[in-house]
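# Results of the structural survey
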Amino acid sequence: MLRRTTAALACSVAALSLLVSGCGGAGQDAAATASKTGKVTFWSFLKGSDHVAEAFNRSHPDIEVTFETVPSGQEYYSKLTNAVKAGTAPDVAVVEYPHLPEFASQGKLEDLSGPLGPLVGERFPEPVRQLVDLGGRTWAVPRDAAPLTLMYRKDFFTRHKIAVPTTWDAYRTMTEQVRKADPDARGGVLYTDNPGLLTALAWQAGGRWFETGQDAWKVTLDDAPSRKAAAYWGDLAREGLVDSVSSLDPFWTGVQKNRTVAYVCASWCAGAHQATVPDQKGKWAVAPVPTWDGEPASAMYGGSSFVIPKGADNSGAAAEFIKWITTDPEGMKAWVSSGTSSMFPADPALVPVTKAAFATGYYGGQDVYAVAAASYAAVRPGWTWGPVTGATNTAIVDELPKVADGTASLPAVLSLAERTTVAQMRQRGMKVTAP
């Protein structure tokens, strides 16, 4: 299953061959020769990170990990960039796959080819390795995948005789039925501060935002499939069939107050949801994400890896910590045993371990990992991450509130983001062909 689905992600790093001139020279990396004892500072916004650090410390008396929680999204990546520039970077940090090419190409990460490259080669299938092996070097170790899923209030759906949608046409019908059943309730959300879900929905529709030739990029954020997905979600928001909310407090407030009774998310949402809304135990279920034609199709909404930022104080011990939290069975158990994380491991050998460690009581005994596995198997091939993710995301996020208030269309937002992305890439000296 993993061999097939990760093929969908492999091309995302082939593009880095256009960027590696900015990575600096090869040579002996610091982590390969550094001491594997001492103190390690760990930055992460992933659920369960605190429990993982505590579990590691209990089993590794020679290394002391201090966990520091950080904000998610672009705020975090700006914070990490500034820390590297200031010489105050942590020893270990999380970097999601879409951001890794940009961080690697700009020389912000330690080369992990020596201490962790063999591990990555042994434990992960080639397409997954290629997400972190950029320009012939290993820059990170994968932790999880993040295939799309649909979260829904099964008690609400049952009470109002609403079918769980399997197509996007049926999803629209569901949102209409939800609003009719309860004028204050909604069957979905359009986030005004996070482009990740919109990106995943464009990918699922068949969009291909970035492609590379021998010496140039092709950028098409507003290709036909992406415009189709954007128009669909923009219409839902304009007609008030889904809420336009922040992905932080306003979203969870809607869930807690029974206003949000369904939403598209990813495999990691099962854990985040039960940790945030524990009093709704037994009311929620997980389903496959709807598709355009009823045939299985999915995409990735997130997915993370761990890196050693350039200038880390204790790269040797940091490498030991990264190894444990990404490939050790006890590390996997630590991620999910707290109930705050439902991560889907990128290491195929650890899926059974993680599944067994995740308590299913909140979802009435449902096998949420089976849903995630089926979605992972249906990830569309052909997606490539771009080289200026921060600029692309900012361009989208700056316009999303205008979609919510009806002053901009979502397809137009993609067109504007494309122009901004192309300009930023050319400013950085990258060759971009006309769309």
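Residues numbered from 1 in each chain as written. Predicted model: local features only at pLDDT ≥ 70, side-chain atom pairs only at ≥ 80, totals over all residues. Heavy atoms only, no water.

## Notes on the overall build of the protein chain
From N to C terminus, the protein chain includes 21 helices and 17 strands. Here the C-alpha atoms of the protein chain give a radius of gyration of 21 Å, agreeing with the 22 Å that 2.2 N^0.38 yields for 435 residues. With the C-alpha coordinates of the protein chain rotated into their principal frame, the extents come out at 65 × 50 × 35 Å. Classification of the 435 residues of the protein chain by burial places 56% in the buried group. Only carbon and sulfur atoms are counted for the fraction: they give 49% of the accessible area of the protein chain, which is about 16,600 Å². Across the protein chain, the centroid of the 40 positively charged side chains sits 4 Å from that of the 43 negatively charged ones. (Helix = DSSP H or I, 4+ residues; strand = E, 2+ residues; numbered from the N terminus. Rg over C-alpha atoms; globule rule 2.2 N^0.38 Å. Buried < 20%, exposed > 50% of the residue type's maximum accessible area, 1.4 Å probe, protein only. Areas by Shrake-Rupley, 256 points an atom, 1.4 Å probe, with all protein chains shown as cover. Lys, Arg positive; Asp, Glu negative; His and termini not counted. Charge placed at Lys NZ, Arg CZ, Asp CG, Glu CD.)

## A word on the sheet that holds strand E11 (residues 217–219)
Pairing is mixed in the open sheet, where 3 strands are placed in the order E10-E11-E17. Each edge of the sheet is formed by a strand with only one pairing partner; in this case those strands are strand E10 (210–212) and strand E17 (432–433). Of the pairings in the sheet, the one linking E10 to E11 comprises 3 bridges and is antiparallel in character. Its bridge partner lying in E11, Thr-212 is registered against Trp-217. Those strands touched by helix H21 (residues 410–427) are E10, E11 and E17, and its axis lies near 160° from that of E11. (Pairing = 2+ DSSP bridges. Contact = heavy atoms within 4.5 Å. Axes fitted to C-alpha atoms, helices over the stretch in contact; angles between N-to-C directions.)

## Brief notes about H21
In this model H21 runs 26 Å from its N-terminal to its C-terminal C-alpha over 18 residues, within 8% of the 26 Å that 1.5 Å per residue would give. Of the residues making up H21, those classed as buried are Leu-410, Pro-411, Val-413, Leu-414, Ser-415, Ala-417, Glu-418, Thr-421, Val-422 and Met-425. Where H21 ends, the next residue or the one after it, Gly-429, has phi of about 90°, a positive value. (Expected span 1.5 Å × (residues − 1).)

## Examining the pattern of salt bridges
Tallied over the full model, the rule gives 15 salt bridges. Note that Glu-102 is salt-bridged to Arg-428, the shortest N-O span being 3.1 Å. Of this pair, Glu-102 sits in helix H6 (residues 100–105) while Arg-428 sits in the loop between H21 and E17; the two residues are 326 residues apart in sequence, bridging distant segments of the chain. Since its relative accessible area comes to 33%, Arg-428 is described here as partly exposed. Close ionic contact of Glu-211 with Arg-208 constitutes a salt bridge, the shortest N to O distance being 3.7 Å. Taking the relative accessible area as the measure of exposure, Arg-208 reaches 35% and is therefore partly exposed. Here the salt bridges share partners, and the residues they tie into one network are Arg-172, Glu-176, Asp-235, Arg-238 and Glu-239. (Salt bridge = Lys/Arg side-chain N within 4 Å of Asp/Glu carboxyl O.)

## With respect to the layout of surface pockets
Approximately 230 Å³ is the volume found for the second largest pocket. Along the walls of the second largest pocket sit 17 residues, with Pro-288, Val-289, Thr-291, Pro-296 and Ala-297 positioned nearest its centre. No other element matches the 3 residues that helix H18 (residues 368–377) contributes to the lining of the second largest pocket. Here the residues of the lining of the second largest pocket sort into 11 nonpolar, 5 polar and 1 charged. (1 Å grid on protein atoms, 1.4 Å probe; cavity = no way out; pocket = protein on both sides within 12 Å on 5 of 7 lines; lining within 4 Å. Points joined across faces, edges and corners; volume = space filled by probe spheres on them. Nonpolar A, V, L, I, M, F, W, Y, C, P; charged D, E, K, R; others polar.)

## Some points on the sheet that holds strand E13 (residues 262–266)
What the 3 strands build is an open sheet, ordered E13-E8-E14; its pairing is antiparallel. Bordering the open sheet on either side are E13 and strand E14 (284–287), each of which pairs with just one other strand. Geometrically, the sheet is characterised by an average inter-axis angle of 30° between neighbouring strands, direction not taken into account. As judged from the 5 bridges shared by strand E8 (residues 148–153) and E13, these two strands associate in the antiparallel manner. Within E13, the position partnered with Met-151 by the bridge is Tyr-263.

## Some details on the packing of aromatic side chains
Here the structure, examined in full by the defined rule, presents 28 aromatic pairs. Seen from their ring centres, Trp-203 and Trp-385 are 5.5 Å apart, and the 85° between their planes marks the pair as edge-to-face. Residue Trp-203 is found in helix H11 (residues 196–204), and its partner Trp-385 is found in the loop between H18 and helix H19 (389–397); the two are separated by 182 residues along the sequence. For the residue pair Trp-203 and Trp-385, the accessibility class agrees, reading buried in each case. (Phe/Tyr/Trp six-rings, centres within 6.5 Å; stacked < 30°, edge-to-face > 60°.)

## Topic: the confidence of the model for the protein chain
Chain-level statistics for the protein chain give a pLDDT mean of 89 and a share of 91% at 70 or above. Below a pLDDT of 50 lies the segment residues 20–28, which in the model reaches 13 contacts outside its immediate sequence neighbourhood of four places, other chains included. (pLDDT = per-residue confidence, 0-100.)

## Description of the packing of helix H12 (residues 224–238) against H21
Closest axis-to-axis distance for the H12/H21 pair is 7 Å, and the angle between their directions is 135°. Accordingly, the angle class assigned to the pair H12 and H21 is oblique. Here Ser-226, Arg-227, Ala-230, Ala-231, Trp-233 and Gly-234 of H12 come into contact with H21, specifically with Leu-410, Pro-411, Leu-414 and Ser-415. Split into classes, the residues belonging to the contact of H12 with H21 amount to 6 nonpolar, 3 polar and 1 charged. (Parallel < 35°, antiparallel > 145°, perpendicular 65-115°, else oblique.)

## A short note on the side chain of Glu-102
Glu-102 gets classed as buried once you look at its relative accessible area, which sits at 8%. Here Thr-389 takes part through its backbone nitrogen, which lies 3.0 Å from a polar atom of the side chain of Glu-102. With near-sequence residues (within four places) excluded, Glu-102 lies in contact with Pro-387, Val-388, Thr-389, Gly-390 and Arg-428. (Polar contact = N/O pair within 3.5 Å; in protein donor to acceptor, adjacent residues only side chain to side chain.)

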